[in-house]
Amino acid sequence: MSDATLSPATFRVDDHELEFARVPAVEGNDGVVISNLLKETGLVTLDSGFMNTASCESKITYIDGDEGILRYRGYPIEQLAAQSSFLEVAYLLIHGDLPSSEELSQFTERVERHTHLHDNFKNLIGAFPTDAHPMAVLSSAVSALPGYYPESVDPFDSHAVELATVLLLAKLPTIAAYAFRQSRGQEMIGPDPSLGYVPDFLRMSFSTNGEPYEVDDALVQALNLLLILHADHEQNCSTSTVRIVGSAHANLYASVSAGIGALSGPLHGGANEAVLAMLSEIQASDDDVDTYMDRVKNKEKGVRLMGFGHRVYKNYDPRAAIVKKVADKVLARLGQSDELLDIAKRLEEIALSDDYFIQRKLYPNVDFYTGLIYKAMGFPTNMFTPLFAVGRAPGWVAQWREMMEDPTTKIGRPRQVYTGSPSRDYLGINER
Ligand SMILES: CC(=O)SCCNC(=O)CCNC(=O)[C@H](O)C(C)(C)COP(=O)(O)OP(=O)(O)OC[C@H]1O[C@@H](n2cnc3c(N)ncnc32)[C@H](O)[C@@H]1OP(=O)(O)O
Ligand SMILES: O=C([O-])CC(=O)C(=O)O
């Protein structure tokens with residue numbers, strides 16, 4: 001950026017004058033360029049929320065947010081959702097191409113063989129109170145994994161990375177199912193790899209002790225599809241967290257555990273849980289849907305239309321379009337009707353024809369309808385985000401590996417614009 005593009009300004013911080021120059025408006029960036037504070041590094045732009053900053057080059061996922069297009073490794077999300085399986089998509093994201101049938105069966109067999117957890121995990125997870133949020137259990141258990149598999153932690157040993165990849169994908173559903181059972185005060189049930197990845201996850205989650213669990217193919221298909229839809233989304237908040245932790249050469253488990261923490265936030269993966277809370281609040285209150293929308297538009301503190309809006313999509317999230325159809329199908333299949341689904345549809349209808357939402361290009365995102373499907377399957381709201389985490393795992397792994405293999409990767413370390421006090425002298429406690 002040449003100096004000619006900068007319009008200097010001076011700000012005062014205490015008694016000191018600091019010279020800054022503002023970058024002329026770039027869409028979505030009202031960045032401040034520091035001209036005098038960071039002479040040693042040259043110009044630094046202030047870009048809160050990274051609205052306008054690319055952190056890496058990536059070959060994994062393509063999004064055109066204006067057109068509502070999402071592709072994994074070049075394949076449209078609609079085709080993958082209709083035809084693929086979750087583990088095939090995981091292979092695609094991680095290895096770059098769709099597997100041959102032999103590659104897929106070897107990969108699947110390897111993952112399914114490792115779904116068992118060391119018995120101590122029952123103690124670890126069992127030590128959590130039953131009202132602990134399963135996301136806390138998930139991130140803790142993932143950060144414990146390197147303690148049990150030290151041979152898989154070296155980020156620069158390709159065999160170790162391959163092992164960590166398989167172990168993480170294998171153990172995560174078992175951890176999630178254990179966390180679910182712990183939250184219900186139920187005994188944890190170990191995996192039966194012969195059933196397959198998704199059916200066995202459902203069995204571990206819902207099996208009643210001692211009784212055989214009848215797997216419902218329609219639910220397996222729906223969950224498989226939802227996991228595919230969540231599998232990657234380029235540099236979202238949790239993935240960026242995984243990358244930044246990994247950029248310090250932290251192992252895959254430590255990086256993903258941090259990513260799980262980021263995902264839990266209600267502005268990110270935790271929105272699926274927040275949507276259900278919002279719909280239930282509307283249902284329980286005497287207010288109608290329009291009243292809630294007025295509160296949103298008046299920007300009442302803490303009131304947003306959860307499951308709406310997206311940093312990248314300024315059009316309908318292609319995944320939300322798929323999820324909406326699946327919600328109808330799953331409810332019909334289970335012979336359920338859900339008043340909350342009607343409320344969600346009504347909210348969407350109002351939003352899509354309301355100037356507030358039109359001007360801000362706010363559309364339903366992937367989190368808007370997913371919770372209604374998980375609920376219909378029998379999952380309580382606090383399991384919605386762990387389900388998202390199981391789905392996002394291949395993306396985290398693929399992005400972490402891509403970063404580790406990129407020779408241009410540097411430790412993630414943004415600069416800041418310091419606005420605190422300039423230098424001052426320490427005063428003893430009685431002099432203040
Ligand atoms: C898997 C995922 O992570 S998908 C996202 C899940 N999160 C949610 O569903 C939570 C609700 N949505 C949001 O909070 C936001 O849309 C985010 C966090 C997803 C994106 O945030 P940003 O890109 O930073 O947009 P930002 O918060 O600046 O919003 C831009 C404008 O739209 C408004 N806006 C954005 N989202 C919403 C919403 N859900 N409801 C009401 N208004 C909204 C903001 O108030 C702001 O209005 P203003 O220009 O008058 O100040
Ligand atoms: O991309 C984002 O900002 C949020 C995200 O993870 C997703 O939509 O799946």
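How each quantity is defined
Residues numbered from 1 in each chain as written. Chains lettered and ligands numbered in written order. Predicted model: local features only at pLDDT ≥ 70, side-chain atom pairs only at ≥ 80, totals over all residues. Heavy atoms only, no water. Helix = DSSP H or I, 4+ residues; strand = E, 2+ residues; numbered from the N terminus. Contact = heavy atoms within 4.5 Å. Core = buried A, V, L, I, M, F, W, Y, C linked by side-chain atoms within 4.5 Å. Buried < 20%, exposed > 50% of the residue type's maximum accessible area, 1.4 Å probe, protein only. Axes fitted to C-alpha atoms, helices over the stretch in contact; angles between N-to-C directions. Parallel < 35°, antiparallel > 145°, perpendicular 65-115°, else oblique. Left-handed = near helix turned anticlockwise from the far one by under 90°. Near = heavy atom within 4 Å. Polar contact = N/O pair within 3.5 Å; in protein donor to acceptor, adjacent residues only side chain to side chain. Areas by Shrake-Rupley, 256 points an atom, 1.4 Å probe, with all protein chains shown as cover. Nonpolar A, V, L, I, M, F, W, Y, C, P; charged D, E, K, R; others polar. Expected span 1.5 Å × (residues − 1). Pairing = 2+ DSSP bridges. Salt bridge = Lys/Arg side-chain N within 4 Å of Asp/Glu carboxyl O. Phe/Tyr/Trp six-rings, centres within 6.5 Å; stacked < 30°, edge-to-face > 60°. Lys NZ or Arg CZ within 6 Å of the ring centre and 35° of its normal.

K.L.:
Could you clarify how one ought to interpret the side chain of S255 in this entry?
P.N.:
Along the polypeptide, S255 turns up in helix α10 (residues 252-263). Setting aside chain neighbours within four positions, we find S255 in contact with V242, V245, G246, A250 and W400.

K.L.:
Before we go on, may I ask you to explain the nonpolar core in this structure?
P.N.:
The tendency in soluble globular proteins is for nonpolar side chains to be buried side by side. Core analysis: the largest hydrophobic core is formed by 118 residues, its most contacted members being Y72, L223, M278, L279, L305, L347 and F379. When residues in this core are grouped by element, the largest group, 15 residues, is from helix α6 (residues 158-183). Ignoring any residue separated from it by four or fewer positions in sequence, one finds L305 in contact with M278, Y292, M293, V296, L347, A351 and F357.

K.L.:
What is the right way to look at the packing of helix α2 (residues 86-95) against helix α17 (residues 384-405) in this model?
P.N.:
Geometry of a packed helix pair, given as the angle between the helix axes and the separation of the axes. It is the contact of α2 with α17, at a shortest axis distance of 8 Å, that shows an interaxial angle of 15°. Here α17 runs roughly parallel to α2, going by the angle between their axes. Remark: the crossing between α2 and α17 carries right-handed chirality. Contacts between α2 and α17 pair F86, A90, L93, I94 and H95 from the former with V390, G391, P394, G395, V397, A398 and R401 from the latter.

K.L.:
Help me understand the site of ligand 2, please; the structure alone is not making it clear to me.
P.N.:
Near ligand 2 the following residues occur: H233, N236, H268, H310, R319 and R392. In the environment of ligand 2, an oxygen atom lies 2.7 Å from a nitrogen or oxygen atom belonging to the side chain of H310. Between ligand 2 and the protein, one listed contact pairs an oxygen atom with a side-chain N or O atom of R392 at 2.7 Å. Contact with the protein chains covers 85% of the free accessible surface of ligand 2, which is 260 Å². The class makeup of the residues in the shell around ligand 2 is no nonpolar, four polar and two charged.

K.L.:
Hey, could you run me through helix α13 (residues 318-333) in this one?
P.N.:
Residue pairs spaced three or four apart in an α-helix point in one direction, given the helix's 3.6 residues per turn. Between its first and last C-alpha atoms α13 spans 23 Å; for 16 residues at 1.5 Å apiece the expected length is 22 Å, and the two agree. Contact partners of the buried residues in α13: β6 (69-72), α1 (77-83), α8 (217-230), α14 (339-352), α16 (367-377) and α17. Residue G335 follows α13 closely and has a positive phi angle near 65°.

K.L.:
When you look at the pairing of strand β5 (residues 61-64) in this model, what are you seeing that I'm missing?
P.N.:
Here is the key point about a regular strand: its side chains alternate between the two faces of the sheet. In the sheet, β5 pairs with β6 via four bridges, with the strands oriented antiparallel. Counted as the bridge partner of T61 is Y72 from β6. Between β5 and β6, which pair antiparallel in sequence order, lie four residues; one of them, G68, sits at a positive phi of approximately 75°.

K.L.:
Explain the environment of R73 to me, please; I cannot follow it from the model alone.
P.N.:
When you line up the elements, R73 lands in the loop between β6 and β7 (75-76). Setting aside chain neighbours within four positions, we find R73 in contact with K59, I60, L92, L93, I94 and G96. Side-chain polar atoms of R73 contact the backbone oxygen of L93, separated by 2.7 Å.

K.L.:
Which parts of the structure should I look at to understand the pattern of salt bridges?
P.N.:
A side chain of one charge can pair with a side chain of the opposite charge if their charged atoms are brought near each other. Applying the stated criterion across every chain, the model contains 13 salt bridges. The partner of R295 in a salt bridge is E281, and the shortest N-O contact between them spans 3.3 Å. Of this pair, R295 sits in helix α12 (residues 289-297) while E281 sits in helix α11 (residues 271-284); the two residues are 14 residues apart in sequence, bridging distant segments of the chain. Overall, the relative accessible area of 21% leaves R295 in the partly exposed class. A salt bridge links R346 to E349, with the nearest nitrogen and oxygen atoms 3.1 Å apart. One end of the pair, R346, and the other, E349, are both in helix α14, three residues apart, so they sit about a helical turn from each other. R346 gets classed as partly exposed once you look at its relative accessible area, which sits at 35%. What you see here is one network of salt bridges that share partners, running through E281, R295 and E300.

K.L.:
Help me understand the packing of aromatic side chains in this model?
P.N.:
Summed over all chains, the structure comprises 13 aromatic pairs. Residues F180 and F206 carry aromatic rings whose centres are separated by 5.6 Å and whose planes lie at 80° to one another, so their mutual orientation is edge-to-face. Taken together, the positions of F180 in helix α6 and F206 in helix α7 (residues 197-206) put the pair 26 residues apart, joining distant regions of the chain. Residue F180 shares its accessibility class with F206, and that shared class is buried. Where F206 meets F379, the ring centres are 4.7 Å apart and the plane angle is 55°; that geometry is what we call tilted. Here F379 lies in the loop between α16 and α17 and F206 lies in helix α7, a separation of 173 residues in the sequence. Here F206 and F379 have matching classes, each one buried. Aromatic rings pair up to connect F308, Y356, F357, F368 and Y369 into one cluster. Lying over the aromatic face of Y356, R360 brings its terminal NZ or CZ to 3.8 Å of the ring centre.

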